Amino acid sequence: MKKKKDLIVCGNLTNEERIKRESNFLRGTIKKDLINQITNGFTGDNYSLIRFHGMYQQDDRDIRKLRIAQKLEPKHAMMLRCRLPGGLLTSEQFLKIIAFSEKYTIYKTIRLTNRQTFQIHGIYKKDLKKIHKMLSSLSLDSIGTANDVNRNVLCTSNPMRSELHNEVYNWAVKISKHLLPKTKAYAEIWLDKKKIYGLDEEPILGKTYLPRKFKTAIIIPPENDVDMNANDMVFIAIHKNNKLIGFNLLLGGGLSIEHGNKLTWPACAQEFGFFSVEQTLIIAETVIAIQRDWGNRTNRKNAKLRYTIARVGYKIFKKEIEIRSGIVLKNIKNYNITSRGDRFGWLRGLDNIWSYTIFIKNGRICDNEAQQLKTALIKIANVYNGIFRITANQNLIISNIDSQKKKKIQNIIDKYNLCNSISKIRSNSMACVSLPTCPLAMAEAERVLPDYIINIEEILLKYNMFKENISFRISGCPNGCGRSLLSEIGLIGRSLGRYNLYIGGNNIGTRIAKIYCENISKEKILNKIDSLIALWSKKRQKNEFFGDFVIRLGLVK
């Protein structure tokens, strides 16, 4: 085995490590900042620390230059991301969250994320305590949905389809709770709880938390509806006679890169072994602890779990899991991935209980000229006491519907045109928020996706390929939030109006797309896609997906 000094990266720690070390378990001086009326933003280290509490400081970049010219600070407001393992919301919770967004936010919408939760954008600093207290009254919070901790835990979208799905959802909740920060800072700052002295400790995460963000997901084969390879830690449910017996452990997936930086790369998760269901929390905690101790704290770009495994070696990392946990990982159990994405429309579950999945463009719940989506969902939430489930594809499942309520809900669906037919390319599309609010965005994503889809639909029609199942995604920067590198055609922003074009991911999300053209405009992107679709229509094999076709032809490796 390598010497321990080879497992720890030497060098100067990043400034983020200092911030965490000096934060007094994530408190910083956030309380003082909240009463500072001179600025609408957070100052100093607090700008970073509020992320541990589930918030990002943003501003409207569309008007940033104008405000600077007017000698005003940027129009700061916060984005809050809820912790919602498995994506479950009651109809009551949904209604109160919508009501808050309408009363207290700039944009008066919520946005479903591809990590099965929701974000609320445009909250002024003075209203932050209101939203945390509102969430707490609903038994919700935003703890650990950002920064260097385990993020919202994903699981296969509809746990009401079978007892197995329900059990897997419960494990997502248990894992999320077990790996949460234990500091009382959240309750003190946002809920006005009294400080309990001498009790703060972080037995799992450590005083300086993880070197970088950490993502966890659970899937039930053959569905990969959570895009498992975008996650650091993946539990693949293995069952016998529809009873969960354990999980295959996969580690080291991830998509974030940096343009031109060869020390960063995307990767699919690697298989490490099988463990029994009662060992789940021990394994999860052990993997987190190893990454805590061995992860790179001198270079955040190279700090994710996949880089740790690459640096120390697969065998050493696996052996360390077994030593620390006391569990010998067994051989991987057989599993097969055959599908990805959501099934739209009605689906019958256990005991004649129904669910209905609605396509939601970019996950944005709002009313506009094309569709009164928010109004419709409010009406649905008011007619039944049920469960909304957010999918990892930014769509919404209305679940737990009995036969008596099914007709009422169908009437609302019909009235507000929620069941309109959409193309395969549209239903498989995705974009990150990007401009104008994301501070990292290099190019547009959410706001340009509709036009790109219209253009690609026209191309598919031209070559009689309109009904084909193909995935297309846009990310405004290379951080990977839009999961473009797991699509068959993906764009990653370089600068305003220019993107890198990636092709060759597969339809089930188990292969990383490769770069095809760099730093090109929309016109050139569409010309390239036109040529590729034309070639696909002429030379494809029977039922051959686009991503598989471009690999077979050697257009990318």
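Refer to the structure printed above.
Residues numbered from 1 in each chain as written. Predicted model: local features only at pLDDT ≥ 70, side-chain atom pairs only at ≥ 80, totals over all residues. Heavy atoms only, no water.

**Q** Describe the overall build of the protein chain, and please don't skip the residues or the numbers.
**A** The helix and strand inventory of the protein chain stands at 18 helices and 20 strands. For the protein chain, the C-alpha atoms occupy an extent of roughly 65 × 60 × 55 Å along the three principal directions. With 557 residues in all, the protein chain has 58% of them scored as buried. When contacts within the protein chain are restricted to residue pairs at least 6 apart in sequence, long-range pairs at least 24 apart make up 68% of them. By element, 51% of the accessible surface of the protein chain is carried by carbon and sulfur atoms, the whole surface being about 23,600 Å². Each charge class in the protein chain was averaged separately, 91 positive and 51 negative side chains, and the resulting centres sit 1 Å apart. (Helix = DSSP H or I, 4+ residues; strand = E, 2+ residues; numbered from the N terminus. Buried < 20%, exposed > 50% of the residue type's maximum accessible area, 1.4 Å probe, protein only. Contact = heavy atoms within 4.5 Å. Areas by Shrake-Rupley, 256 points an atom, 1.4 Å probe, with all protein chains shown as cover. Lys, Arg positive; Asp, Glu negative; His and termini not counted. Charge placed at Lys NZ, Arg CZ, Asp CG, Glu CD.)

**Q** So what's going on with the side chain of N150? Residues and values would help.
**A** Its place among the elements puts N150 in the loop between α7 (128-137) and β6 (154-155). A polar atom in the side chain of N150 sits 2.7 Å from the side chain of T216. When residues no more than four places from it in sequence are discounted, the contact partners of N150 are G144, L179, L210, F214, K215, T216 and I288. (Polar contact = N/O pair within 3.5 Å; in protein donor to acceptor, adjacent residues only side chain to side chain.)

**Q** Which residues make up the nonpolar core, and what are the values?
**A** I97, F118, F235, L249, L251, F317 and I321 are the most contacted members of the largest nonpolar core, which totals 102 residues. Core analysis: the second largest hydrophobic core is formed by 32 residues, C432, I474, I525 and L526 among them. (Core = buried A, V, L, I, M, F, W, Y, C linked by side-chain atoms within 4.5 Å.)

**Q** Quick rundown of the environment of L7? Include the residues and the values.
**A** The residue L7 is located in helix α1 (residues 4-7) in this model. Considered as a pair, L7 and S429 are 422 residues apart in the sequence and their alpha carbons are 40 Å apart.

**Q** Lay out the packing of helix α13 (residues 373-383) against helix α14 (residues 403-415) in plain terms, naming residues and giving numbers.
**A** Where α13 contacts α14, the two axes come as close as 10 Å, and the packing angle between them is 165°. Considering the angle they form, α13 stands roughly antiparallel to α14. In terms of crossing hand, the pair formed by α13 and α14 is right-handed. Contacts from A376, K379, I380 and V383 in α13 reach K405, I409 and I412 in α14. Within the contact of α13 with α14, the residues separate by chemical class into five nonpolar, no polar and two charged. (Axes fitted to C-alpha atoms, helices over the stretch in contact; angles between N-to-C directions. Parallel < 35°, antiparallel > 145°, perpendicular 65-115°, else oblique. Left-handed = near helix turned anticlockwise from the far one by under 90°. Nonpolar A, V, L, I, M, F, W, Y, C, P; charged D, E, K, R; others polar.)

**Q** Residue-level account of the pattern of salt bridges, with values.
**A** This model, assessed by the stated rule, comprises 35 salt bridges. The salt bridge partner of D59 is R64, with a shortest N-O separation of 2.8 Å. Residue D59 is classed as buried on the basis of its relative accessible area, which comes to 10%. The closest approach of N and O atoms between K133 and D192, which form a salt bridge, is 2.7 Å. Of this pair, K133 sits in helix α7 while D192 is found in the loop between α9 (185-190) and β7 (216-219), placing the two residues 59 residues apart along the sequence. Three or more residues joined by partner-sharing salt bridges are found here, namely E17, K20, D148, R297 and R300. (Salt bridge = Lys/Arg side-chain N within 4 Å of Asp/Glu carboxyl O.)

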